[in-house]
Amino acid sequence: MEVSPFPYQGPLEPAEVHGRDGLVADLTKRITARRVTALLGPRRYGKTSVLHRVAADLSEVTTVWVDLYEVTSMADVAVRFDDALAATTGRFAAAAGGVAAGVSVNLGVVKVDLTGPARNRPDPALAFHSLLEVLVATAGREPTLLVVDEFSSIGRVKGAAGALRTALQHHYTDLGIVFAGSHPSMMRTLFSARPEPFYGQADLVEIGPLGTAAVESIVRTGFSSTGRDADHVAGQIHAFSGGHPQRTMQLADACWRHTPPGQTASTETWASALTEVRRASGDGMERLYSGFEGGERSVLRAVARGGSIYGAEAGLLDLSAGAATHARQALLNGGDLAEVAGQLTVVDPVLADWLRRRFPI
Ligand SMILES: Nc1ncnc2c1ncn2[C@@H]1O[C@H](COP(=O)(O)OP(=O)(O)OP(=O)(O)O)[C@@H](O)[C@H]1O
Ligand SMILES: [Mg+2]
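So, how was this worked out
- Residues numbered from 1 in each chain as written.
- Chains lettered and ligands numbered in written order.
- Predicted model: local features only at pLDDT ≥ 70, side-chain atom pairs only at ≥ 80, totals over all residues.
- Heavy atoms only, no water.
- Salt bridge = Lys/Arg side-chain N within 4 Å of Asp/Glu carboxyl O.
- Helix = DSSP H or I, 4+ residues; strand = E, 2+ residues; numbered from the N terminus.
- Expected span 1.5 Å × (residues − 1).
- Buried < 20%, exposed > 50% of the residue type's maximum accessible area, 1.4 Å probe, protein only.
- Contact = heavy atoms within 4.5 Å.
- Near = heavy atom within 4 Å.
- Polar contact = N/O pair within 3.5 Å; in protein donor to acceptor, adjacent residues only side chain to side chain.
- 1 Å grid on protein atoms, 1.4 Å probe; cavity = no way out; pocket = protein on both sides within 12 Å on 5 of 7 lines; lining within 4 Å.
- Sits in = over half its atoms within 2 Å of the grid points.
- Domains from an automatic or database assignment.
- Pairing = 2+ DSSP bridges.
- Axes fitted to C-alpha atoms, helices over the stretch in contact; angles between N-to-C directions.
- Arc of directions from axis to C-beta.
- Parallel < 35°, antiparallel > 145°, perpendicular 65-115°, else oblique.
- Nonpolar A, V, L, I, M, F, W, Y, C, P; charged D, E, K, R; others polar.

Enquirer: What is the right way to look at the pattern of salt bridges in this model?
Expert: As a working rule, side chains carrying opposite charge can pair if their charged atoms are close by. Applying the stated criterion across every chain yields a total of 18 salt bridges. Measuring nitrogen to oxygen at the nearest pair gives 2.9 Å for the salt bridge that ties Asp-203 to Arg-30. Of the two residues, Asp-203 sits in strand β5 (residues 203-206) while Arg-30 sits in helix α1 (residues 21-32), which places them 173 residues apart along the sequence. For Glu-276, the salt bridge goes to Arg-257, with nearest N and O atoms at 2.7 Å.

Here it is in structure tokens:
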């Protein structure tokens, strides 16, 4: 079977990342200049993909890639750093192995130690500390980029951000450091709230939606490289997705699958693709929606319709001003709503579409 030129599940390979040249160049410059950077944006906006690309472009540099997705404990955090260090290769790995032996750490087996018989288990905080020592000492010898993806989860583990800050703070000029995370408001808090260990410690860089020209080029190239013509469908995809990267690719994939090789996409192609994506996501949207609280549901409905969450329109949904304010903040914190130029929008265009079709008001 032909492989779709529009993958939409999971992060992209470096060579698949298009339409992000400005951001890639900006991040590369910051890393090279040793400016600690935090990349923030909503879910599925391509944060991990763009960092894959940046890391691949910095071919002389070893990337230590730490994924903190849903960490819940210090042991969890230590194991993620251990996995990241153990996954390195070449000169960095050799140097790290040497440093680790000096501090009695066996890279790659911290998990075994931390999950072994209770009486032999090392203190996870100490294990984390040793791993950070290995990281910074090795970074002093070999060109290194530290990527901490899903950094916002660290907020759940007491003392973890503090330990990381303490270990890194005197080494900001020794290595490139990028933190990335969804939940934009949580990320902002981690770097801009006074009590937080990383307060004022990083430049915040936002990843936005893909622009019209980028979507146009991604869709056209994907079609033409597989012997098809996208015709006007790229414009229709952008008009619907607003440049949301993952939804853009999902819709492009559906359009592509509805266009046989050698053919040109048409208005019917777009209609069939949209129907298919709506059908495929319907149950998921229903479940997602039922997970929101009452006030949040009403706010999502009002915003999806482009209406106000206060006043007469909100009154139609029995939404009080207090409940609207509370729900608005919760949805912004969760990354389900975004505020662009003072205007609230539902981040996921498929959810917005589902809300508009599912509810008459
Ligand atoms: N530059 C891009 N061009 C086209 N599509 C992209 C691009 N970047 C990301 N995508 C689409 O978005 C999807 C998600 O990308 P990725 O996993 O990098 O996002 P993320 O922001 O890290 O998501 P998460 O919040 O789940 O960690 C990819 O599978 C792809 O379909
Ligand atoms: Mg990601």
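Enquirer: Sorry if this is basic, but what is going on with helix α3 (residues 74-86) here?
Expert: Helical geometry: 3.6 residues make up each α-helical turn, so side chains three or four residues apart lie on a common side. The terminal C-alpha atoms of α3 lie 18 Å apart, and with 13 residues this matches the ideal 18 Å at 1.5 Å per residue to within 8%. Of the residues making up α3, those classed as buried are Met-74, Asp-76, Val-77, Ala-78, Val-79, Phe-81, Asp-82, Ala-84 and Leu-85. On the buried face of α3, the contacting elements are β2 (62-67), α4 (90-102), α5 (110-115), α6 (124-139), β3 (144-149) and α7 (160-168).

Enquirer: What am I meant to see in the site of ligand 1 here?
Expert: Residues in close proximity to ligand 1 total 23 residues, the closest being Pro-7, Gly-10, Arg-44, Lys-47 and Ser-49. In this structure, an oxygen atom belonging to ligand 1 sits 3.1 Å away from a main-chain N or O atom of Tyr-45. Thr-48 has a polar side-chain atom sitting 2.8 Å from an oxygen atom of ligand 1. Because more than half of its atoms lie within 2 Å of the grid, ligand 1 is assigned to the largest pocket. Breaking the shell around ligand 1 down by element, the ones donating at least two residues are α2 (47-57) and α11 (245-257). The two domains that each donate at least three residues to the shell around ligand 1 are domain 1 (20-206) and domain 2 (212-281).

Enquirer: Please explain the sheet that holds β2 as it appears in this structure.
Expert: Where strands meet in a sheet, backbone hydrogen bonds hold them as pairs that are either parallel or antiparallel. Strand order in the open sheet formed by 5 strands is β2-β3-β4-β1-β5, with parallel pairing between adjacent strands. Every interior strand has two partners, whereas the edge strands, β2 and β5, have only one. Here the average twist between neighbouring strands, direction ignored, is 20 degrees. Along the sheet face, helix α8 (residues 184-192) touches β1 (37-40), β4 (176-181) and β5 and points at about 160 degrees away from the line of β1.

Enquirer: Would you explain helix α9 (residues 212-224) in this entry?
Expert: For α9, with 13 residues, the first-to-last C-alpha span of 18 Å sits near the 18 Å given by 1.5 Å per residue. When we look at burial in α9, the residues that qualify are Ala-214, Val-215, Ile-218, Val-219, Gly-222 and Phe-223. What you see down the axis of α9 is that its buried residues fit within an arc of 150 degrees, all on one side. Of the surrounding elements, those touching the buried residues of α9 are α10 (233-241) and α11.

Enquirer: What is the right way to look at the domain arrangement of the protein in this model?
Expert: Often the size quoted for an interface is simply the accessible area lost on bringing the parts together. Annotation of the protein at the domain level lists domain 1 (20-206), domain 2 (212-281) and domain 3 (292-358). Relative to domain 2, the C-alpha centre of domain 1 lies at a distance of 37 Å.

Enquirer: Before we go on, may I ask you to explain the packing of helix α13 (residues 294-304) against helix α16 (residues 349-358) in this structure?
Expert: In helix packing, the relevant descriptors are the interaxial angle and the interaxial distance, both defined with respect to the helix axes. Between α13 and α16, the least distance of the axes is 9 Å, while the angle of their chain directions is 95 degrees. Judged by the inter-axis angle, α13 sits roughly perpendicular to α16. Together, Leu-300, Arg-301 and Ala-304 of α13 and Ala-352, Leu-355 and Arg-356 of α16 make up the contact between the two elements. Among the residues making up the contact of α13 with α16, the classes are represented as 4 nonpolar, no polar and 2 charged.

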